[in-house]
Amino acid sequence: MAVQIIVDSTADFSAKEIEKRQITCIPMTVTFGNEQYIDGVDLTKEEFFVKLINEKEFPKTSQPSPAKFADCFEEAKENGDDVVAILVSGALSGTVQSATIAKDIAEHDGVYIVDSKSATLGIRLLVDRAVRMRDQGKSAKEIAEALDELKARVRLFAGLDTLEYLQKGGRISKTAASIGRLAGIKPIISIDEEGKVAVCGKQRGNKNVFRQIIKYVEADMPDENYSVYFLYSADKKNCISFIQTLQKNGLDFGKIKTREIGPTIGSHIGPGAFGIVYIANK
């Protein structure tokens, strides 16, 4: 009996990374007006941000259907395999619900569904832990239980270059966005305990945003047993400046791992965003 690990495309793994980890990725659907795309299949991250900037229609993302998950669960059942599905926060998407329905359809008790309470690189950290445990011979139940404990320690802090996309996505009002633009305000977002995107700070200019995020990190330092990832959207420039500022402040987390985020979070934060994602010390 093997353990299969399934993620959705909000984890922002490349095809090469998926193959290396020997995991299965179920893609989300991204819609611009009347045009529909499969995330990571016929719409790359680069193409997505070009459309986000240039299209009049604000994109919508849709969770995979229960049938997509059921196919994977049924195949695993036929092979005698168990499954750990590590999915985007249920507060951000109906993906967990789709997978839960699919588990009932497949009638496979060996399916364990983990609501990551996170998104993008936060999911990646949980997947990396799951892959290590699978390769060590741990059971699906053991992996799922470990992830349910670990997910409370995932931290994500990101600085946004603009308020425009938070407003378009309904996260803030038009009035708040207009006032913020006039004042040169740049928001800082995180993912809260409920797995929702939350504005946790506001500053004028990137340098002040850098300082604020550094304070958050220093107050809740990364566990050195896990990777630290840096995220960016469309343009890596702000991310590189942020990393350099961290290093000047004595925060060096070893090998620098930068990853571009995709449509699910990218549609709300827009281009030019940057941030840090890590597992906090207990």
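Everything below is about the structure printed above this text.
Since this is a predicted model, take the numbers as computed values, not measurements. (Residues numbered from 1 in each chain as written. Predicted model: local features only at pLDDT ≥ 70, side-chain atom pairs only at ≥ 80, totals over all residues. Heavy atoms only, no water.)

**Considering the pattern of salt bridges**
A full pass over the atoms with the stated rule returns 12 salt bridges. Residue Lys51 is joined to Glu35 by a salt bridge in which the shortest nitrogen-to-oxygen separation is 3.4 Å. Of the two residues, Lys51 is situated in helix α2 (residues 45-54) and Glu35 in strand β4 (residues 35-38); the sequence distance between them amounts to 16 residues. The class of Lys51 is buried, set by a relative accessible area of 18%. Assessed through its relative accessible area of 39%, Glu35 is described here as partly exposed. Overlapping salt bridges, with partners in common, bring together Glu17, Arg124 and Arg259 in one network. (Salt bridge = Lys/Arg side-chain N within 4 Å of Asp/Glu carboxyl O. Helix = DSSP H or I, 4+ residues; strand = E, 2+ residues; numbered from the N terminus. Buried < 20%, exposed > 50% of the residue type's maximum accessible area, 1.4 Å probe, protein only.)

**Topic: unusual backbone geometry**
Phi is positive for Glu107, which is not a glycine, with a value near 50 degrees. For Glu107, the location among the structural elements is in the loop between α4 (95-106) and β7 (111-115). Backbone geometry at Ala234 places phi at a positive 70 degrees, although glycine is not the residue there. Mapped onto the elements, Ala234 comes out in the loop between β11 (229-232) and α10 (237-248). On the accessibility criterion, Ala234 (40% relative accessible area) is partly exposed.

**Examining the sheet that holds strand β3 (residues 29-32)**
One key point about sheets: their strands pair by backbone hydrogen bonds, in either a parallel or an antiparallel sense. What the 3 strands build is an open sheet, ordered β4-β3-β5; its pairing is antiparallel. Each having just a single partner strand, β4 and β5 (60-62) make up the two edges of the open sheet. Adjacent strand axes in the sheet meet at a mean angle of 25 degrees, parallel and antiparallel pairs treated alike. Relative to β5, β3 runs antiparallel, the two being bridged by 3 bridges. Bridging from a neighbouring strand, Thr29 pairs with Ser62 of β5. (Pairing = 2+ DSSP bridges. Axes fitted to C-alpha atoms, helices over the stretch in contact; angles between N-to-C directions.)

**What to know about the layout of surface pockets**
Roughly 400 Å³ of internal volume is contained in the largest pocket. Residue lining of the largest pocket: 16 residues in total, with Lys20, Arg21, Tyr229, Lys257 and Arg259 positioned closest to the centre. Of all the elements in the fold, those that place two or more residues in the lining of the largest pocket are α1 (15-21), α5 (121-135) and β12 (257-260). Forming the boundary of the second largest pocket are 18 residues, of which Phe13, Ser14, Ala15, Gly40 and Lys45 lie nearest the centre. For the lining of the second largest pocket, the secondary structure elements donating two or more residues are α1 and α2. Across the lining of the second largest pocket, the residue classes break down as 8 nonpolar, 5 polar and 5 charged. (1 Å grid on protein atoms, 1.4 Å probe; cavity = no way out; pocket = protein on both sides within 12 Å on 5 of 7 lines; lining within 4 Å. Points joined across faces, edges and corners; volume = space filled by probe spheres on them. Nonpolar A, V, L, I, M, F, W, Y, C, P; charged D, E, K, R; others polar.)

**What about the side chain of Ser116?**
Here Ser116 shows up in the loop between β7 and α5. A distance of 2.7 Å separates a polar atom in the side chain of Ser116 from the backbone oxygen of Leu87. Aside from chain neighbours lying at most four places away, what touches Ser116 is Leu87, Val88, Ser89, Ile123, Leu126 and Lys151. (Polar contact = N/O pair within 3.5 Å; in protein donor to acceptor, adjacent residues only side chain to side chain. Contact = heavy atoms within 4.5 Å.)

**Here's the deal with the nonpolar core**
Ranked by internal contacts, the top residues of the largest apolar core, which has 51 residues, are Ile23, Val84, Ile86, Val127 and Leu147. No other element matches the 8 residues that α5 contributes to this core. Not counting chain neighbours up to four residues away, the residues in contact with Leu147 comprise Val84, Ile86, Val114, Leu126, Arg129 and Ala130. Counting 20 residues, the second-largest nonpolar core is a separate cluster that includes Phe210, Tyr216, Leu246 and Phe274. (Core = buried A, V, L, I, M, F, W, Y, C linked by side-chain atoms within 4.5 Å.)

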